[in-house]
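The residues making up each chain are set out below.
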Amino acid sequence: MKTALVTGGAGYIGSHCLKPLKAEGWDVVVVDNLSTGHKKAVTGFKLETGDIGDPDFLDKIFSSHTIDAVLHFAASAYVGESVQNPAKYYRNNVVNGLNLLTSMLRNGVKDLIFSSTCATYGNPTEIPITEKHSQTPVNPYGYTKMVFERMATDLARSSGLRPVFLRYFNAAGASDDGLIGEDHDPETHLIPLAIATALGLRGELTIFGDDYPTNDGTCVRDYIHISDLADAHMRALEYLRGGGEPTAFNLGNGEGYSVRQVIETVEKVSGKPVKVKMGARREGDPPTLIGSAEKARKVLGWQPKFPDLESIVKTAYKWHETNPNGYS
């Protein structure tokens, strides 16, 4: 049986890839230090608790399991925090990331699917953003993800590593069965914050800036359902295992929704008001991020099953209404 190592597999995105991997005939080994992940999210899967920054721990994992491919999700992933504490991001995303890459090569594992981000593009000069857009990040989070891509690309040339970079836009939603969903502490993502406000779990929601050059003055983002992201990972893995060349794919729906539109959609789905207050802009927030995923559609045959914001919000609302305290 093929075996996949999933780093950060107890986190939001990684955990949603576990069942699809199993369904595709993969044995799955999850590595997570549980600093932000949840044991309940990996119920039924092998969990090795440890840090990818520890070479001995990784070598033990690779020596005790015959790993055929790595799906790398383990990272620090808050834009605002990266601005306030960049050292943490360079340590976790770059230094520890390099440790993973060298451990893979030391143990003869070369196939890699990397959880990257549209934040590597920075302030876009064209909309929608394609994979050919220059990578000029405006925050440490995006920069560390870009550096990992560059490290993996250089190792691909020198050592035969075979990486595929999946550059997500805004992941959202929850699994169809409602068993796993989004649970961050602190929570910084707009949709779960708006839902928590609608459910009365928060007093109000802060809109960070209403003077951006957009239709209603608030930031515009491209949202992609977590299950569609998971499906793209399966297709990228199949592509790579079938001899596909190392490359990058954008993953988004190609539609932009403003902060105010997201709030209105949450109000529509929940039937409840979302109280808001205005705040100052956050450093490192581009006004508009909308991606083109045409390359993924053509090369991977990928087609999102949740192409609109309302269908995404409905699954998220179901999860949060059923699990108001998340996994706890």
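Keep in mind the model is a prediction, meaning the values are calculated, not measured.

Chemist: Explain the overall build of the chain to me, and be specific about the residues and the numbers.
Modeler: Along the backbone of the chain there are 11 helices and 14 strands. Against the 2.2 N^0.38 benchmark of 20 Å for 328 residues, the chain shows a C-alpha radius of gyration of 19 Å, consistent with a compact globule. Dimensions of the chain, computed from the C-alpha atoms along their principal axes, are close to 55 × 40 × 40 Å. With 328 residues in all, the chain has 55% of them scored as buried. Sequence-distant contacts, at least 24 apart, represent 77% of the contacts inside the chain between residues at least 6 apart. Counting only carbon and sulfur atoms, one obtains 48% of the accessible surface of the chain, whose full area is about 14,000 Å².

Chemist: Can you tell me about the sheet that holds strand β9 (residues 220–221), naming the residues and giving the values?
Modeler: Ordered by their spatial adjacency, 3 strands build an open sheet running β12-β9-β14, and the pairing between neighbours is mixed. Each end of this open sheet is capped by a strand with a single partner; those strands are β12 (257–258) and β14 (288–289). Where β9 and β12 come together, 2 bridges link them in antiparallel fashion. Within β12, the residue paired with R221 across the bridge is Y257.

Chemist: How would you sum up the packing of helix α5 (residues 86–106) against helix α6 (residues 140–159)? Please name residues and give values.
Modeler: For the pair α5 and α6, the least separation of the axes is 9 Å and the interaxial angle reads 20°. Put simply, α5 runs roughly parallel to α6. Two packed elements cross with a definite hand, and for α5 against α6 that hand is right-handed. Residues P86, Y89, Y90, N93, V94, G97, L98, L101 and L105 of α5 lie in contact with α6, whose contacting residues are P140, Y141, Y143, T144, V147, F148, M151, A152, L155 and S159. Within the contact of α5 with α6, the residues separate by chemical class into 15 nonpolar, 4 polar and no charged.

Chemist: Which residues make up the packing of helix α7 (residues 190–198) against helix α11 (residues 309–322), and what values go with them?
Modeler: At a minimum axis distance of 10 Å, the contact between α7 and α11 shows a crossing angle of 55°. It follows that α7 is oblique to α11 by the angle criterion. Considering the relative orientation of α7 and α11, their crossing is right-handed. Along its contact with α7, which presents I191, P192 and I195, the element α11 presents L309, V313, A316, Y317 and H320. Of the residues assigned to the contact of α7 with α11, the class counts are 7 nonpolar, 1 polar and no charged.

Chemist: Quick rundown of the layout of surface pockets? Include the residues and the values.
Modeler: When its volume is computed, the second largest pocket comes out at roughly 320 Å³. Forming the boundary of the second largest pocket are 14 residues, of which H16, P20, S175, D176 and S227 lie nearest the centre. Grouping the constituent residues of the lining of the second largest pocket by class yields 5 nonpolar, 3 polar and 6 charged.

Chemist: Which residues make up the pattern of salt bridges, and what values do they have?
Modeler: In total, this model carries 15 salt bridges according to the counting rule given. Among the salt bridges present, the one from E149 reaches R167, with a minimum N-O distance of 2.7 Å. Linking E149 in helix α6 with R167 in strand β6 (residues 162–168), this pair joins segments that are 18 residues apart in sequence. Overall, E149 belongs to the buried group, its relative accessible area being 3%. With a relative accessible area of 5%, R167 lands in the buried category.

Chemist: Go over helix α3 (residues 55–64), please, and point to the residues and values.
Modeler: The set of residues buried in α3 consists of F57, L58, I61 and F62. The buried residues of α3 occupy one face: seen down the axis, they fall within an arc of 130°. Seen from the open side of α3, the exposed residues pointing more than 90 degrees away from its buried face are D56, K60 and S63. Contact partners of the buried residues in α3: β1 (2–7), β2 (26–32), β3 (46–49), β4 (69–72) and α5. Capping of α3 at its N-terminal end is provided by D54; its side-chain oxygen lies 3.0 Å from the backbone amide nitrogen of D56.

Chemist: Lay out the sheet that holds strand β11 (residues 247–251) in plain terms, naming residues and giving numbers.
Modeler: An order of β3-β2-β1-β4-β5-β6-β11 is seen for the 7 strands of this open sheet, with the pairing classed as parallel. Edge positions in the sheet fall to β3 and β11, since each has one partner strand and no second. The average undirected angle you get between the axes of adjacent strands in this sheet is 20°. Bridge count between strand β5 (residues 111–117) and β6: 7 bridges; the pairing is parallel. In the sheet register, S116 faces β6, and the bridge partner there is R167. Of the strands in this sheet, β1, β4 and β5 touch α5, which is tilted by about 175° from β4. Sheet contacts for helix α8 (residues 226–241): β1, β2, β4, β5, β6 and β11; angle to β6, the most-contacted strand, approximately 160°.

Conventions we followed
- Residues numbered from 1 in each chain as written.
- Predicted model: local features only at pLDDT ≥ 70, side-chain atom pairs only at ≥ 80, totals over all residues.
- Heavy atoms only, no water.
- Helix = DSSP H or I, 4+ residues; strand = E, 2+ residues; numbered from the N terminus.
- Rg over C-alpha atoms; globule rule 2.2 N^0.38 Å.
- Buried < 20%, exposed > 50% of the residue type's maximum accessible area, 1.4 Å probe, protein only.
- Contact = heavy atoms within 4.5 Å.
- Areas by Shrake-Rupley, 256 points an atom, 1.4 Å probe, with all protein chains shown as cover.
- Pairing = 2+ DSSP bridges.
- Axes fitted to C-alpha atoms, helices over the stretch in contact; angles between N-to-C directions.
- Parallel < 35°, antiparallel > 145°, perpendicular 65-115°, else oblique.
- Left-handed = near helix turned anticlockwise from the far one by under 90°.
- Nonpolar A, V, L, I, M, F, W, Y, C, P; charged D, E, K, R; others polar.
- 1 Å grid on protein atoms, 1.4 Å probe; cavity = no way out; pocket = protein on both sides within 12 Å on 5 of 7 lines; lining within 4 Å.
- Points joined across faces, edges and corners; volume = space filled by probe spheres on them.
- Salt bridge = Lys/Arg side-chain N within 4 Å of Asp/Glu carboxyl O.
- Arc of directions from axis to C-beta.
- Polar contact = N/O pair within 3.5 Å; in protein donor to acceptor, adjacent residues only side chain to side chain.

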